[in-house]
Amino acid sequence: MIKVITYGTFDLFHQGHIKLLERAKALGDYLIVGVTTEHFDEARGKVNVIDSCLERVDNVRKTGLADEIIIEDHIDQKMEDIQKYGIDIFTVGSDWEGTFDYLKTLCKVVYLERTPNISSTMLRKNHFKIVRTGIIGTGRIAPRFVAEGKYVSGMNIVSAYNPEKESGSRFEKKYEIPVCNDDYELFLEGVDAVYIASPNETHYEYAKAAIAAGKHVLCENPVALKKKDTMQLFSLAREHGVVLLEGIKTAYCPGFQQLINTARGGKIGELRDIEACFTRLADIGSRERTDRFFGGAFLEYAAYTLLPIFKLYGTNYQDISIHSIYDENGIDVYTKIELVYKHGLATAKCGVGVKTEGQLVIAGTQGYILAESPWWLTRKYQIRYENPNEIETYEPKFQGDGLRYEMSEFVAKINGIDKNGYLLTEDEILAIAEITERYLEQKQEQTGK
Ligand code: C2G
């Protein structure tokens, strides 16, 4: 009996897939089809797969061509499978020509001619409305957004807006994206969505006007500095039928969600303490260190540090205190937020002028999770126990600088196919907004600024 194996994502199952499977089957007597998991696809840079793994398996099954279906979830699994299942022929489409020649030591490798003019990518493009996106603010984040946008299908960055002409024209020259600097309404007319990456205090007005004009909004944290303004933006977005997504990028990183689920999964027992720390020494001349009103550590990083706390304990804390160390200009160089819950404690620490280890430690009754800096781009974390030799290490995949995940979520939401509304909830955003407002009031009292 000749055993054949092939692998694929098989997203938006189409004629090209069927033809490939038919010819694969014809190569032998028994066909095994490996279907990729979401995780594996993310790990190899496919972040926009639409169908779930089970839907994709089901589509392969319905063809009746596969004698056996297996799940592919990690790199180099092909070698294992070929040996494990006693495979004679490995086959895949000609778009992979040469890539799998290394398997020739184990079995025969056949590249089958790819069916022309059809692909999942093409179907995804039709499936997704292309979202014409304009960037507001052409400072430090905008170039990263442009770079990451290349990996997000369905998003097309068409323009930018910056009232400061000089910064705008530098950006326009470098990235060849037209920058508008006077007429915001005109800028909005040319886009379906905006990404707001301007200074913190300008987010609310930009977002409000964009939503009112029927545009989807992806806004860097914070969307507004007051809770009531944040609530108003969300209800305005609902009224206008547009998406408002807050860009706390950690929330959308697959590794962070995995870490949260590990913590919830009971391995470290009941959760009793969370310490989340994010510090980055900012240049003395930078906006973070010079803007007396909207610079400082809290507005820069507090949302990231509050996120794991709200994810794990919820937003109903019993008590809160915020302590800041200000510099001579009234900028908080270091801020510590302490939260008390019925069964647990939490501390969020952030700094722009104080350096710490910057780790996330989630302590439970049986052990603790340690995620070292930069845990907010979660690539690695460990579970540790009383016995110091007992350590479990997790290394979730993380692509690029992390922005692509929130961008993908934004496009998915606009297209009404997001399955991940839980990644960052309105309740969590409002809880962060409430603390932000409280912090700003306290700062005003303490520094007069
Ligand atoms: N295919 C084809 N003709 C098309 C489109 C796809 O013959 N027009 C083939 C691909 O070459 C592949 C199979 O159909 O052999 C599945 O394609 P994808 O779902 O795009 O799978 P892919 O992401 O290429 O994964 O480990 C996974 C494999 O390496 C292939």
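Structure shown above.
Small disclaimer: the values here were computed from a predicted structure and weren't measured.

Details of the packing of helix H9 (residues 203–212) against helix H10 (residues 227–240)
Point 1. Interhelical geometry of H9 versus H10 gives an angle of 15° and a closest axis separation of 9 Å. As summarised for this structure, H9 and H10 are arranged roughly parallel, according to the angle between their axes. Remark: the crossing between H9 and H10 carries left-handed chirality. Between H9 and H10, the contacting residues are Tyr204, Ala207, Lys208, Ile211 and Ala212 on the first element and Asp229, Gln232, Leu233, Leu236, Ala237 and His240 on the second.
Point 2. Looking at the contact of H9 with H10, its residues break down into seven nonpolar, two polar and two charged.

Examining the sheet that holds strand S11 (residues 244–247)
Pairing between sheet strands relies on hydrogen bonds along the backbone, with the strands arranged either parallel or antiparallel.
Point 1. On the basis of which strands lie adjacent, the open sheet formed by six strands has the order S8-S7-S6-S9-S10-S11 and parallel pairing. Strand pairing shows two members of the sheet lacking a second neighbour, strand S8 (179–180) and S11, which therefore form its edges.

Thoughts on the nonpolar core
Point 1. Within the largest apolar cluster, 110 residues are counted, with the highest numbers of intra-cluster contacts made by Leu339 and Ile362.
Point 2. With 13 residues, the top contributor of residues to this core is helix H13 (residues 297–313).
Point 3. Here isoleucine 362 is in contact with Leu259, Ala263, Ile268, Leu271, Asp273, Ile274, Leu312, Gly367, Tyr368 and Ile369, once residues within four sequence places are set aside.
Point 4. Residues Phe10, Val35, Val57 and Val60 belong to the second largest nonpolar core, which totals 15 residues.

Overview of the packing of aromatic side chains
Point 1. A full pass over the atoms with the stated rule returns 23 aromatic pairs.
Point 2. Sitting over the ring of tyrosine 7, lysine 78 keeps its end group 4.9 Å from the ring centre.
Point 3. When the ring centre of tyrosine 151 is taken as origin, the NZ or CZ atom of arginine 404, which lies over that ring, is 3.9 Å away.

So, the sheet that holds strand S19 (residues 391–394)
Point 1. The mixed open sheet is built from eight strands, whose spatial order is S13-S14-S15-S12-S16-S17-S18-S19. Edge positions in the open sheet fall to strand S13 (319–326) and S19, since each of these has one partner strand only. Averaged over all pairs of adjacent strands, the angle between strand axes in this sheet comes to 10°, irrespective of strand direction.
Point 2. Relative to strand S15 (residues 345–351), strand S14 (residues 332–340) runs antiparallel, the two sharing seven bridges. Bridge assignment links threonine 335 to a residue of S15, and that residue is cysteine 350.
Point 3. Packing against the sheet, helix H15 (residues 426–447) makes contact with S13 and S14, and its axis sits at approximately 45° to S13.

Observations concerning unusual backbone geometry
Point 1. A cis geometry characterises the amide bond from asparagine 221 onward to proline 222, with omega recorded as -5°.
Point 2. Here serine 373 and proline 374 are connected by a cis peptide whose omega angle stands at 0°.
Point 3. With respect to the helices and strands, proline 374 occurs in the loop between strand S17 (367–371) and strand S18 (381–385).
Point 4. Here leucine 12, not a glycine, exhibits a phi torsion of approximately 50°, which is positive.
Point 5. Within the element layout of this structure, leucine 12 appears in the loop between strand S1 (3–8) and helix H1 (15–26).
Point 6. Residue glutamate 176 is not a glycine yet carries a positive backbone phi of 55°.
Point 7. With respect to the secondary-structure elements, glutamate 176 resides in the loop between helix H7 (165–175) and S8.
Point 8. Taking relative accessible area as the criterion, glutamate 176 reaches 72% and is therefore assigned exposed.

Details of the state of the cysteines
Point 1. For the structure on display, the rule yields zero disulfides.
Point 2. Summary of cysteine pairing: cysteine 253 is not part of a disulfide, and the nearest cysteine sulfur, belonging to cysteine 219, is at 18 Å.
Point 3. The thiol sulfur of cysteine 277 is not disulfide-bonded, and the nearest other cysteine sulfur, from cysteine 350, lies at 8.0 Å.
Point 4. Exposure remark for cysteine 277: the relative accessible area of 2% places this residue in the buried category.

What counts and how
- Residues numbered from 1 in each chain as written.
- Predicted model: local features only at pLDDT ≥ 70, side-chain atom pairs only at ≥ 80, totals over all residues.
- Heavy atoms only, no water.
- Axes fitted to C-alpha atoms, helices over the stretch in contact; angles between N-to-C directions.
- Helix = DSSP H or I, 4+ residues; strand = E, 2+ residues; numbered from the N terminus.
- Parallel < 35°, antiparallel > 145°, perpendicular 65-115°, else oblique.
- Left-handed = near helix turned anticlockwise from the far one by under 90°.
- Contact = heavy atoms within 4.5 Å.
- Nonpolar A, V, L, I, M, F, W, Y, C, P; charged D, E, K, R; others polar.
- Pairing = 2+ DSSP bridges.
- Core = buried A, V, L, I, M, F, W, Y, C linked by side-chain atoms within 4.5 Å.
- Buried < 20%, exposed > 50% of the residue type's maximum accessible area, 1.4 Å probe, protein only.
- Phe/Tyr/Trp six-rings, centres within 6.5 Å; stacked < 30°, edge-to-face > 60°.
- Lys NZ or Arg CZ within 6 Å of the ring centre and 35° of its normal.
- Disulfide = S-S within 2.5 Å.

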